[in-house]
Amino acid sequence: MQKLFKFSLAILLSLVSFFTTQPSMARSKKMKALILSGQNNHNWQVSHRALRLILDQSGLFQVDTILTPAKGGDMSKFNPNFEEYDVVVLDYNGDRWSKPTEEAFIEYARRGGGIVVYHAADNAFAQWEEFNKIIALGGWEGRNEKSGPYYYLINGIGVLDNGAGAGGSHGAQRQYPMHCRNRKHPITKDLPDNWLHARDEMYDRMRGPANIKDLLYSGYADPKTGGSGREEPLVFTVDYGKARIFHIMLGHCGESLANNPAMQCAGFQTLLLRGAEWAATGKVKQDVPADFPTAKSTSMRRGYKILQ
Ligand code: ZN
């Protein structure tokens, strides 16, 4: 009897210790994210902070930010340790990195690293062939037919177009409907088929190796507002060996955190968080938030809760 009591006590104590250690276990299980910024033809001073707030406030990520030297600066000391992270979020469009840093980034991708390509990060490094395989499609910076085909949809089917012309353009900023192209992917699961994105640019006529793995969302680049007149790929994953790469062309940064509609859109934030979790782990455990946009109305998160 006494033996049974001791045995039960041992189980009880181990259960107590199991539950009391949960908070620290939960903390240590946060995914490690690195936001990489510091040069961009966009307002990176705001965008990297907005990205950080979105990731921090989800409670899912432990986030570091690293900024490169300014344009023309000494890149030899810019050596992020990519291997420390589950996901690297690219908010960078600027000078080439040092050769060792570029090689370390490719190695990180090759060994199965997680990468988020955010908005103008796909303008970067037009001449770096391996980087262009990581983004699949890019724009501007001299891209043309030598960079690879255009990729767009005709009647819902992806087509490659080798026609001559510049890579990368966009019409006027506007609200626009997002069209789901894959309902079964962990990132899009349970999200509406069509939803209205808050005021943003819509990238079009992007070119590259076009090694898209799963196209998740497209949008119609309406010629009435200066678009290509094509159904354009806007959110997708990239086929690059073992890497998990999430490319989101949305999110043109506004003038301040408070005036930043494309990044304040609950749809953008949801996709960013789901894409980052998928890139980090291959799974998505997040529920659809109650304020997700609908087919008829946008949904903006007015403020960022500053966590300091
Ligand atoms: Zn932009």
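As shown above, the structure is provided for reference.
Throughout what follows, the structure given in this document is the object of discussion. On a predicted model such as this, the values are computed, not experimentally measured, just so you know.

### With respect to the overall build of the protein
Right, so step 1: Counting its regular elements, the protein contains seven helices and 13 strands.
Right, so step 2: For the protein, with 308 residues in total, the buried portion stands at 53%.
Right, so step 3: Surface exposure of the protein reaches about 14400 Å², of which carbon and sulfur atoms provide 53%.

### Focus on the coordination of the zinc ion
Around a metal, the idealised angle for a tetrahedral arrangement of four donor atoms is 109.5 degrees; for an octahedral arrangement of six donor atoms it is 90 or 180 degrees.
Right, so step 1: Only His 42 (NE2), His 119 (NE2), Glu 201 (OE) and His 252 (ND1) from the protein reach the zinc ion as donors, at distances of 2.0 to 2.1 Å.
Right, so step 2: Note that the zinc ion binds four donor atoms; their angles at the metal cover 92 to 153 degrees, and the shape is irregular.
Right, so step 3: Sequence positions of the donors to the zinc ion reduce to the motif H-x76-H-x81-E-x50-H. Residue His 119 is located in the loop between strand E4 (114-118) and helix H5 (129-135), and its partner His 252 is located in the loop between strand E13 (244-248) and helix H6 (261-264); the two are separated by 133 residues in the primary sequence. Accessibility classification places His 119 together with His 252 in one group, the buried group.

### A short note on the pairing of strand E12 (residues 231-238)
Right, so step 1: With respect to burial, E12 is a largely interior element, eight of its eight residues being buried.
Right, so step 2: Pairing of strand E11 (residues 212-220) with E12 involves six bridges; the strand directions are antiparallel. Residue Gly 219 lies in a different strand from E12, and its bridge partner there is Glu 232.
Right, so step 3: Where E12 and E13 come together, four bridges link them in antiparallel fashion. Paired with Val 235 across the strands is Ile 248, a residue of E13.
Right, so step 4: Counting the residues between successive antiparallel strands, the hairpin from E12 to E13 contains five residues, one of them, Gly 241, with a positive phi of roughly 55 degrees.

What counts, and at which threshold
- Residues numbered from 1 in each chain as written.
- Predicted model: local features only at pLDDT ≥ 70, side-chain atom pairs only at ≥ 80, totals over all residues.
- Heavy atoms only, no water.
- Helix = DSSP H or I, 4+ residues; strand = E, 2+ residues; numbered from the N terminus.
- Buried < 20%, exposed > 50% of the residue type's maximum accessible area, 1.4 Å probe, protein only.
- Areas by Shrake-Rupley, 256 points an atom, 1.4 Å probe, with all protein chains shown as cover.
- Donors = N, O, S within 2.8 Å, 3.2 Å for Na, K, Ca; no water.
- Tetrahedral: all angles 85-135°; square planar, octahedral: opposite > 155°, others 65-115°.
- Pairing = 2+ DSSP bridges.

Purely geometric numbers; function is a separate question.
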